[in-house]
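Commentary on secondary and tertiary structure
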Amino acid sequence: MNKQSLNYKASIIPLLGAIIVTNGFFSKVSAQNISAPETTDSVAVSVKNQEFPQWGYYMVRRDFRKCASPLCGGYFIKLVNLKATPCLDGVFRSECYVSAIDWSSLKVSPYELIKIQNDDGSRVILRGNIVPVTFPGFGEFGNLRVKEAFIATINAPAKGTFVALKDNGIRCITTPCFSTNQLVLNKPRISQVSSIDLSQTGATQKQLDAATSEIFGKGLIAVGITEVIENVDPTNRGTQFVGTQFYLRVEPK
């Protein structure tokens with residue numbers, strides 16, 4: 001691919017473009033590992049081979065109840081795009097209580113870590129998995145072990161489906177060109193879009209440029225809808241992702 005084509009696509013993208021209280025607590029079971037689901041579904045298998053990890057994305061909020069730790073004072077977490085989240089005891093709930101968040105695997109600067117930890121949960125998405133931790137006298141609780149963190153660019157509600165957008169290497173001499181993979185987070189779904197519109201997010205040009213870099217790099221997490229672009233030729237329609245919010249990866253130090 002020549003530099004001119006890359007510059008063209010990079011410029012088009014900007015132009016077109018994180019818990020209800022659960023009162024039950026948990027018995028001893030094995031840890032959930034959402035990041036590597038067992039499945040024979042052909043679509044899921046193809047997704048598993050992608051460079052972008054598609055599983056284990058949580059929204060988080062603090063537990064402000066007043067009682068002894070670890071019974072209270074932890075976090076409530078839920079998987080994006082899903083109505084129910086598998087908790088440590090194997091029960092699916094609207095949210096799961098975890099006694100703490102394990103940040104040890106998140107290799108970011110102290111400044112970035114404090115920034116993430118101080119967020120109220122409205123602007124952060126964490127990728128990780130629930131692991132068991134035993135508290136003498138209390139039993140076993142889940143902790144969320146974090147692998148990656150993503151922060152929203154603007155203070156706006158995330159409306160739509162959470163997806164990852166990643167350049168797939170396809171290059172065309174005409175339009176529509178389905179050169180971006182759209183991977184639905186926490187679900188075995190993958191499709192391609194021919195254009196991306198992030199203009200409705202209200203992000204700055206610097207943020208849009210960072211989003212473009214993410215799409216061409218490790219992949220961008222965004223929220224929005226996918227629309228069919230009408231064409232005079234019905235066999236030659238494009239699809240456009242229209243974003244309402246996007247999240248930039250917190251890079252390792």
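This one's a predicted model, so the numbers in the text were calculated from it and none came from an experiment.

Conventions used here
- Residues numbered from 1 in each chain as written.
- Predicted model: local features only at pLDDT ≥ 70, side-chain atom pairs only at ≥ 80, totals over all residues.
- Heavy atoms only, no water.
- Helix = DSSP H or I, 4+ residues; strand = E, 2+ residues; numbered from the N terminus.
- Buried < 20%, exposed > 50% of the residue type's maximum accessible area, 1.4 Å probe, protein only.
- Disulfide = S-S within 2.5 Å.
- Contact = heavy atoms within 4.5 Å.
- Pairing = 2+ DSSP bridges.
- Core = buried A, V, L, I, M, F, W, Y, C linked by side-chain atoms within 4.5 Å.
- pLDDT = per-residue confidence, 0-100.
- Polar contact = N/O pair within 3.5 Å; in protein donor to acceptor, adjacent residues only side chain to side chain.

Let us look at unusual backbone geometry. Cis peptide bonds are those with omega within 30 degrees of zero, and the linkage from threonine 175 to proline 176 qualifies with -5 degrees. Summarising the element assignment, proline 176 is placed in the loop between strand E9 (161–167) and strand E10 (180–184). In this structure, asparagine 81 takes a positive phi of about 75 degrees despite not being glycine. Structurally, asparagine 81 is set in the loop between strand E2 (75–79) and strand E3 (85–86). Under the relative-accessibility criterion, asparagine 81 is labelled partly exposed at 22%. Phi angles above zero are rare outside glycine, and asparagine 186 is one such case at about 65 degrees. Owing to a relative accessible area of 5%, asparagine 186 belongs among the buried residues under this scheme.

A separate point is the state of the cysteines. Per the counting criterion, the structure on display carries three disulfides. The disulfide that involves cysteine 67 links it to cysteine 72, with 1.7 Å between the sulfurs. Because the sign of the S-S torsion sets the handedness, a value of about 100 degrees for the bond joining cysteine 67 and cysteine 72 places this disulfide among the right-handed ones. Given a relative accessible area of 39%, cysteine 67 falls into the partly exposed group. The disulfide bridge from cysteine 172 ends at cysteine 177, spanning 2.1 Å between sulfur atoms. Judged by the sign of its S-S torsion, about 75 degrees, the bond between cysteine 172 and cysteine 177 is right-handed. Using a relative accessible area of 38% as the deciding quantity, one classes cysteine 172 as partly exposed. Each bonded cysteine of the protein gets a number by its place in the sequence, and the pairs then read 1-2, 3-4, 5-6.

A few words on the environment of threonine 161. Looking at the element boundaries, threonine 161 is found in strand E9. Setting aside anything within four residues of it in sequence, one finds threonine 161 in contact with Asn81, Val184, Ala222, Val223 and Gly224.

Turning our eyes to something else, we now look at the pairing of E10. The buried count for E10 comes to five of five residues, which makes it a mostly enclosed element. On E10, burial covers both faces: Thr180, Gln182 and Val184 on one face and Asn181 and Leu183 on the other are all buried. Strand direction decides the pairing type here: E9 and E10, joined by five bridges, are antiparallel. Residue pairing across strands places aspartate 167 opposite threonine 180, the latter belonging to E10. Bridging between E10 and strand E11 (residues 189–193) involves five bridges; their strand directions are antiparallel. Across the sheet, threonine 180 pairs through a bridge with valine 193, a residue of E11.

Next up on the list: the side chain of arginine 127. Locating arginine 127 in the fold gives a position in strand E7 (residues 124–135). Ignoring sequence-local partners within four residues, the contact set of arginine 127 consists of Pro53, Trp55, Gly56, Tyr57, Arg145, Val146, Lys147, Glu148 and Phe150.

It is worth spelling out the nonpolar core at this point. Ranked by size, the top nonpolar core spans 22 residues in total, and within it Val60, Ile77, Ile101, Ile116, Leu126 and Leu144 carry the most contacts. Contributions of two or more residues to this core are made by strand E1 (57–62), E2, strand E5 (96–98), E7 and strand E8 (139–152). Looking at which element gives the most residues to this core, the answer is E8, with four residues.

When pLDDT is averaged along the protein, the result is 80; 79% of the residues meet or exceed 70. Taken as a whole, residues 1–49 scores under 50 in pLDDT and shows 112 contacts with residues more than four places along the chain or in a different chain.

What follows concerns the environment of aspartate 63. As for its placement among the helices and strands, aspartate 63 is situated in the loop between E1 and E2. Given the relative accessible area of 6%, aspartate 63 is considered buried. Once residues within four sequence positions are removed from consideration, aspartate 63 is found in contact with Cys72, Gly73, Gly74, Tyr75, Phe76 and Tyr97. Of note is the side chain of aspartate 63, whose polar atom sits 2.9 Å from the side chain of arginine 65.

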